[in-house]
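Residues per chain are reported as follows:
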Amino acid sequence: MKKLRHFLASIAGRKPAEKDNVPVLHSSASAAGYVAGNLITFNDNGAWCWYQDPRAVVDVTNGKIIVGSVAAPEGPNGKKRRGNVEAAIYDITTGVCKVVVLHERLQADDHNAPAFFIRPDGRYLAVYTKHNCEKRAYWRISTRPHDADNWEPEKTFSLAGRIGKSRITYSNLHFLSAEKRLYNFLRGINHDPTIMISVDDGNTFSYAGKLFTKTLIGYSNAYVKYASNGVDRIDLICTEHHPRDFNNSIYHGFIRGGKLHTSDGSVTDGNVFSDQGRSQTHLTRVFAADSVWNGETMTHAWTTDLRLDQNGHPVALITCRANDMPENSAYNDHRFFYARWDGRQWIVHPVAKAGPCLWRREEDYTGLGSIHPHHPDTLYLSTPIDPRDEAPLAHHEIFKGVTKNGGASWQWMPVTENSGVDNLRPYIPVWDAEHTAVIWFCGTMTASQHYHTAMVGIIE
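1. Some details on the overall build of the protein chain
And then number 1: Along the protein chain, the regular secondary structure elements total two helices and 34 strands.
And then number 2: For 460 residues, the compact-globule estimate of 2.2 N^0.38 gives 23 Å, and the protein chain sits close to it at 21 Å.
And then number 3: With respect to the three principal axes, the spread of C-alpha positions in the protein chain is 60 × 55 × 40 Å.
And then number 4: Within the protein chain, the fraction of its 460 residues that count as buried is 62%.
And then number 5: Put simply, 54% of the contacts in the protein chain that link residues at least 6 apart link residues at least 24 apart.
And then number 6: With an accessible surface of roughly 16,900 Å², the protein chain has 48% of that area assigned to carbon and sulfur atoms.
And then number 7: Charged side chains of the protein chain number 49 positive and 49 negative; the gap between the two group centres comes to 5 Å.

2. Observations concerning the pairing of strand E14 (residues 193-198)
And then number 1: With six of six residues buried, E14 lies mostly within the body of the structure.
And then number 2: Every second residue of E14 is oriented toward a common face, with Pro-193, Ile-195 and Ile-197 on one face and Thr-194, Met-196 and Ser-198 on the other, all of them buried.
And then number 3: Pairing geometry for strand E13 (residues 181-187) and E14, over six bridges, is antiparallel. In the strand pairing of E14, Leu-186 is matched with Thr-194.
And then number 4: Hairpin connection from E13 to E14: five residues lie between these consecutive antiparallel strands, with Asn-190 at a positive phi of about 60°.
And then number 5: Relative to strand E15 (residues 206-210), E14 is paired through four bridges, and the arrangement is antiparallel. Each residue of the ladder has a partner; that of Ile-195, found in E15, is Gly-209.

3. Quick word on the sheet that holds strand E24 (residues 314-322)
And then number 1: Here five strands make up an open sheet; going across it, the order is E22-E23-E24-E25-E26 and the pairing antiparallel. If you trace the sheet from one side to the other, it starts and ends with strand E22 (291-293) and strand E26 (346-355), each paired once. Looking at each pair of strands side by side, their axes are set apart by 40° on average, direction ignored.
And then number 2: Direction of pairing for strand E25 (residues 334-341) relative to E26: antiparallel, over a ladder of eight bridges. Bridge pairing in E26 links Phe-337 to Pro-350.

4. Overview of unusual backbone geometry
And then number 1: Between Asp-53 and the following residue, Pro-54, the backbone shows a cis peptide bond with an omega angle of -10°.
And then number 2: Within the secondary structure layout, Pro-54 lies in the loop between strand E2 (40-43) and strand E3 (56-59).
And then number 3: In this chain, Met-325 is followed by Pro-326 through a cis amide linkage whose omega measures -10°.
And then number 4: Topologically, Pro-326 is positioned in the loop between E24 and E25.
And then number 5: Not every positive phi belongs to a glycine, and His-300 is a case in point at roughly 50°.
And then number 6: Counting through the fold element by element, His-300 comes out in strand E23 (residues 296-308).
And then number 7: The buried category is assigned to His-300, whose relative accessible area is 2%.
And then number 8: Backbone geometry places Asn-328, a non-glycine residue, at a positive phi of 60°.
And then number 9: Tracing the sequence through the fold places Asn-328 in the loop between E24 and E25.
And then number 10: Given a relative accessible area of 37%, Asn-328 falls into the partly exposed group.

5. Quick word on the pattern of salt bridges
And then number 1: According to the stated counting rule, one finds 28 salt bridges in the structure shown.
And then number 2: Between Arg-144 and Asp-147 there is a salt bridge whose closest N-O contact spans 2.7 Å.
And then number 3: Residue classification places Arg-144 among the partly exposed residues on the basis of a relative accessible area of 40%.
And then number 4: A salt bridge links Arg-335 to Glu-296; the nearest nitrogen and oxygen atoms lie 3.0 Å apart. Of the two residues, Arg-335 is situated in strand E25 and Glu-296 in strand E23; the sequence distance between them amounts to 39 residues.
And then number 5: Salt bridges here are not isolated pairs; linked through shared partners, they connect Arg-119, Asp-121, Arg-123 and Glu-152.

6. As for the environment of Arg-360
And then number 1: With respect to the element layout, Arg-360 can be found in the loop between E26 and strand E27 (369-371).
And then number 2: Spatially, the C-alpha atoms of Arg-360 and Pro-429 are 30 Å apart, while their sequence positions differ by 69 residues.
And then number 3: There is a polar contact of 3.4 Å between the side chain of Arg-360 and the side chain of Glu-363.

7. Some points on the pairing of E13
And then number 1: Counting buried positions along E13 yields six of seven residues, so the element is predominantly enclosed.
And then number 2: Relative to E13, strand E12 (residues 173-176) runs antiparallel, the two being bridged by four bridges. Note that in E13 the partner of Leu-173 across the bridge is Asn-184.
And then number 3: Hairpin connection from E12 to E13: four residues lie between these consecutive antiparallel strands, with Lys-180 at a positive phi of about 50°.

About the thresholds
- Residues numbered from 1 in each chain as written.
- Predicted model: local features only at pLDDT ≥ 70, side-chain atom pairs only at ≥ 80, totals over all residues.
- Heavy atoms only, no water.
- Helix = DSSP H or I, 4+ residues; strand = E, 2+ residues; numbered from the N terminus.
- Rg over C-alpha atoms; globule rule 2.2 N^0.38 Å.
- Buried < 20%, exposed > 50% of the residue type's maximum accessible area, 1.4 Å probe, protein only.
- Contact = heavy atoms within 4.5 Å.
- Areas by Shrake-Rupley, 256 points an atom, 1.4 Å probe, with all protein chains shown as cover.
- Lys, Arg positive; Asp, Glu negative; His and termini not counted.
- Charge placed at Lys NZ, Arg CZ, Asp CG, Glu CD.
- Pairing = 2+ DSSP bridges.
- Axes fitted to C-alpha atoms, helices over the stretch in contact; angles between N-to-C directions.
- Salt bridge = Lys/Arg side-chain N within 4 Å of Asp/Glu carboxyl O.
- Polar contact = N/O pair within 3.5 Å; in protein donor to acceptor, adjacent residues only side chain to side chain.

Pasting the structure below:
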């Protein structure tokens, strides 16, 4: 823990308190700024992308939080750890955290962060891939229930016979108890969303079909965020392509009974377990490219988060470019939008400014945000623009927003303030209605393969 304290202190610009059990950044008297709670360091070298979920899980049986990430060459022990796929295991009661390596030096890239599933027998499943480099997925299962210290040997599944010239990226795990089936959604054939399934809780996987398909434009097709009720339905929101290559709208649908439905329940694909797939534009459009809000034109939308409310209705968080006129000339003004399905229609509201792109090569990368899984009227956003008064900030800060009118207006509270480094990509793992863990990474990031960041968070 002493080494973790010194690392966090070095990137935050303060001297560590030797008696800290966890690093705590107090008020503005410190160069590190303020954090609304005890700042926990889960891993001193790590980051994650936002298209693999769940990136962190809470095991209430043994009081542990498991956080996945990938180590970078710029971080502590980067020469030895670069590309390590790692799981941090945090004991909620004692505050002790340890890091387990799932795969040494797989590839230094935040896209390779693992997705987790707590199996019915209590053992953990971790699934991960390389970023667009090969045609196989990797997974490991812990040897004992509710114990992440030791894992069985790694297994792999290859799509080489089906995938053609394409390669695999991402992992998204959703278990439907009514089907007794575990889904893994990844980017695969034709860079389309592709389905793997397991009927034995991840002991084995098999290919199960292609969810969508479109003619490939640019880099990739259909960036998808998923959410599930855990019983019989998986919801999703998606784009047409990568926003760098296409002026995306956002679409919604759901899988139930092996069929793909639009938001109102109409069937648009009678068999998701086929090689054909349909265009995602057959789904319900949630957010339209070139739509005008308060006199400003919004384009190149991207999916950020998706959750289900207490009625099972989807709630989405979206980013887009504002006033990019002429097209692809301005990447310094991105916006957050909040969308809810009320059972009849999608209701969309602007939320806050997300600021400029994180770096020029990725025109649409922003700090992102997360919807609370039990309280979908609560958001946690990362932005360099204060949502309370639109004042510019020195770094990306985390803000908590609460709405009492379906997203039409928001009350904002800072989670971090006056930080010496950026705070990026917050995520809230499923816990219960009374407890919230907000997890993000802080530090400096210049590319998906290069970052000097730590996985941190607070428990509310």
